[in-house]
Amino acid sequence: MSEHKEKIIVKYVTREYEGMRIDKYLSEVLSDCSRSFLQKVIKDDGILVNEKTIKSNYRVQDGDLLKISLPDLVEPEILPENIPLDIIYEDSDIIVVNKPKGMVVHPAAGHYSGTLVNALLYHCKENLSGINGVLRPGIVHRIDMNTTGVLVACKNDFAHNGLSKQLEVHSIVRKYNAIVCNSFKITDGTVDAPIGRNSLDRKKMAIDHKNGKRAVTHYHVLENFGKYAYIECQLETGRTHQIRVHMHSIGHPLLGDDVYGNSKSSFHLEGQTLHARILGFIHPRTGKYMEFEAQLPEYFEHLLSVLKQ
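Described below are features of the structure shown in this document.

About the criteria used
Residues numbered from 1 in each chain as written. Predicted model: local features only at pLDDT ≥ 70, side-chain atom pairs only at ≥ 80, totals over all residues. Heavy atoms only, no water. Helix = DSSP H or I, 4+ residues; strand = E, 2+ residues; numbered from the N terminus. Rg over C-alpha atoms; globule rule 2.2 N^0.38 Å. Buried < 20%, exposed > 50% of the residue type's maximum accessible area, 1.4 Å probe, protein only. Pairing = 2+ DSSP bridges. Arc of directions from axis to C-beta. Contact = heavy atoms within 4.5 Å. Core = buried A, V, L, I, M, F, W, Y, C linked by side-chain atoms within 4.5 Å. Salt bridge = Lys/Arg side-chain N within 4 Å of Asp/Glu carboxyl O. Patch = residues over 30% accessible without salt bridge, like charges linked within 9 Å, V, L, I, M, F, W, Y side chains within 5 Å. Areas by Shrake-Rupley, 256 points an atom, 1.4 Å probe, with all protein chains shown as cover. Phe/Tyr/Trp six-rings, centres within 6.5 Å; stacked < 30°, edge-to-face > 60°. Axes fitted to C-alpha atoms, helices over the stretch in contact; angles between N-to-C directions. Parallel < 35°, antiparallel > 145°, perpendicular 65-115°, else oblique. Left-handed = near helix turned anticlockwise from the far one by under 90°.

A look at the overall build of the chain
Line of reasoning, step 1. When helices and strands are tallied, the chain shows six helices and 15 strands.
Line of reasoning, step 2. In terms of C-alpha radius of gyration, the chain reaches 21 Å, essentially the compact-globule figure of 19 Å for 309 residues.
Line of reasoning, step 3. Its C-alpha atoms give the chain principal-axis dimensions of roughly 65 × 45 × 35 Å.
Line of reasoning, step 4. The buried share among the 309 residues of the chain stands at 46%.

Here's the deal with the pairing of strand 6 (residues 94-99)
Line of reasoning, step 1. Most of strand 6 sits out of view: six of its six residues are buried.
Line of reasoning, step 2. Side chains Ile94, Val96 and Asn98 project from strand 6 onto one buried face, and the interleaved Ile95, Val97 and Lys99 project onto a second face that is buried too.
Line of reasoning, step 3. Where strand 5 (residues 87-90) meets strand 6, three bridges bridge the pair, whose relative direction is antiparallel. Paired with Glu90 across the two strands is Ile95, which belongs to strand 6.
Line of reasoning, step 4. Here strand 5 folds back onto strand 6 in antiparallel fashion, the turn holding three residues.
Line of reasoning, step 5. Pairing between strand 6 and strand 7 (residues 148-154): six bridges, direction antiparallel. Bridge pairing in strand 7 links Val97 to Leu151.

Things to note about helix 6 (residues 298-308)
The α-helix advances 3.6 residues per turn, and as a result positions three or four apart in sequence lie on the same side.
Line of reasoning, step 1. Turning to helix 6, its buried residues number three or more, namely Phe300, Leu303, Leu304 and Leu307. One side of helix 6 carries all its buried residues, which in axial view fall inside an arc of 100°. Facing away from the buried side of helix 6 by more than 90 degrees, the exposed set consists of Glu298 and His302.
Line of reasoning, step 2. Against the buried residues of helix 6 lie strand 8 (173-181), strand 13 (228-235) and strand 14 (274-282).

Some details on the nonpolar core
Line of reasoning, step 1. Formed by 48 residues in total, the largest nonpolar core has its most connected members in Ile94, Leu120, Phe184, Ile231, Ile243, Met247 and Phe281.
Line of reasoning, step 2. Not counting residues up to four positions away in its chain, the partners in contact with Phe184 are Tyr219, Val221, Asn224, Ala229, Ile231, Met247, Ile250 and His252.
Line of reasoning, step 3. In terms of nonpolar packing, the next biggest core, distinct from the first, is built from 19 residues, Tyr25, Leu26, Val49 and Ile54 among them.

Topic: the pattern of salt bridges
Line of reasoning, step 1. Enumeration over the complete set of coordinates arrives at 13 salt bridges.
Line of reasoning, step 2. Residue Glu236 pairs with Arg214 through a salt bridge whose shortest N-O separation is 3.7 Å. Placement of the pair is Glu236 in the loop between strand 13 and helix 5 (242-249) and Arg214 in the loop between strand 11 (205-207) and strand 12 (216-224), with a sequence separation of 22 residues.
Line of reasoning, step 3. The partly exposed category is assigned to Glu236, whose relative accessible area is 28%.
Line of reasoning, step 4. We classify Arg214 as partly exposed; its relative accessible area is 48%.
Line of reasoning, step 5. Here Glu293 ties to Arg277 by a salt bridge, and the two come within 3.1 Å at their closest N and O atoms.

Overview of unusual backbone geometry
Line of reasoning, step 1. Positive phi, normally seen in glycine, also occurs at Glu51, with a value near 70°.
Line of reasoning, step 2. Checked against the element boundaries, Glu51 lands in the loop between strand 2 (47-49) and strand 3 (52-53).
Line of reasoning, step 3. We classify Glu51 as partly exposed; its relative accessible area is 48%.
Line of reasoning, step 4. Here His268, not a glycine, exhibits a phi torsion of approximately 55°, which is positive.
Line of reasoning, step 5. With respect to the element layout, His268 can be found in the loop between helix 5 and strand 14.
Line of reasoning, step 6. Under the relative-accessibility criterion, His268 is labelled exposed at 72%.

A look at a nonpolar patch on the surface
Line of reasoning, step 1. Taken together, the side chains of Ile8, Val10 and Tyr12 make up a nonpolar region of the molecular surface, amounting to roughly 330 Å² of accessible area.
Line of reasoning, step 2. Considering the arrangement of structural elements, one finds Tyr12 in strand 1 (residues 6-12).

Considerations on the packing of aromatic side chains
Line of reasoning, step 1. Evaluation of the coordinates by the stated rule reveals seven aromatic pairs.
Line of reasoning, step 2. Look at Tyr17 and Tyr25: their rings are 5.1 Å apart centre to centre, the planes differ by 80°, and that puts the pair in the edge-to-face class.
Line of reasoning, step 3. Overall, the relative accessible area of 12% leaves Tyr17 in the buried class.
Line of reasoning, step 4. Classification of Tyr25 as buried rests on a relative accessible area of 1%.
Line of reasoning, step 5. Between Phe281 and Phe292 the ring centres are 5.7 Å apart and the planes differ by 40°, which places this aromatic pair in the tilted class.

Here we look at the packing of helix 1 (residues 22-29) against helix 2 (residues 35-43)
Packed helix pairs are characterised by how far apart their axes lie and by the angle those axes make with each other.
Line of reasoning, step 1. Contact geometry of helix 1 with helix 2 gives a least axis separation of 9 Å together with a crossing angle of 125°. On the basis of their axis angle, the class for helix 1 and helix 2 is oblique. Considering only the axes of helix 1 and helix 2, their crossing is right-handed. Within the contact between the two elements, helix 1 uses Ile22, Asp23, Lys24, Leu26 and Ser27 and helix 2 uses Arg35, Leu38, Gln39 and Ile42.

This is how it looks when you write it as structure tokens:
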């Protein structure tokens with residue numbers, strides 16, 4: 001019989017959260033845990049506030065010391081799967097792939113097979129970094145399920161640490177192409193607006209000037225098509241759903257985006273028209289700058305040709 005284990009997390013409440021209900025506060029600072037899971041932890045007396053148990057309606061105060069006992073979740077075994085990969089580049093440290101539409105990057109609830117990780121486990125055997133745990137071996141960054149394009153994975157912890165540091169200082173070049181709703185009057189612009197979890201829907205992100213993290217997207221209009229526009233976006237930061245949230249916030253939601261825009265269109269799309277076209281970084285072992293490009297997928301090229309008519 002396996003021994004039951006718990007993970008203890010300590011949090012100090014700061015003034016910005018004062019008066020917030022305990023379950024909402026926890027869902028803000030522990031974004032990987034669902035609110036329903038955290039409510040169960042509270043109900044099971046898994047939260048101590050200033051060394052005392054609290055009720056579910058407790059509102060946190062500035063300076064509160066929280067000790068949170070989270071039961072270890074049993075992680076499912078992730079199996080290698082013989083899924084074809086579109087490999088752009090590969091060496092003993094990294095592998096750069098062109099991710100297709102509809103593929104989830106790493107396993108999560110509802111997606112424990114058919115992911116990029118399943119494919120990488122088959123292709124790379126045991127040669128993937130272990131820093132992000134058994135569910136995300138080799139994964140340094142990710143792109144959404146319905147976003148296509150270039151993505152790098154690491155075969156060892158040395159490479160993983162090197163690329164992670166570049167991500168932290170925002171030195172990695174990431175350029176995306178997108179088709180958005182509504183044409184632009186100016187050809188270049190920057191959206192500098194912090195992004196955090198949507199307070200009403202934890203699965204969504206939103207502009208959050210109070211608690212969000214800094215997020216910056218630079219965009220350039222490649223072509224206007226009346227009701228639509230073809231743009232290039234360069235990320236300065238890399239928040240979850242950043243381009244989708246930022247473009248929606250300035251009145252240009254991505255065409256086909258069924259979360260932040262209007263998915264109903266005559267083009268019968270599967271999610272947002274967003275493609276990670278260019279990824280550039282310093283190779284963690286050689287120290288040389290490398291840049292990789294993934295050509296636009298066929299559906300994207302076809303859509304552009306239709307819009308140009």
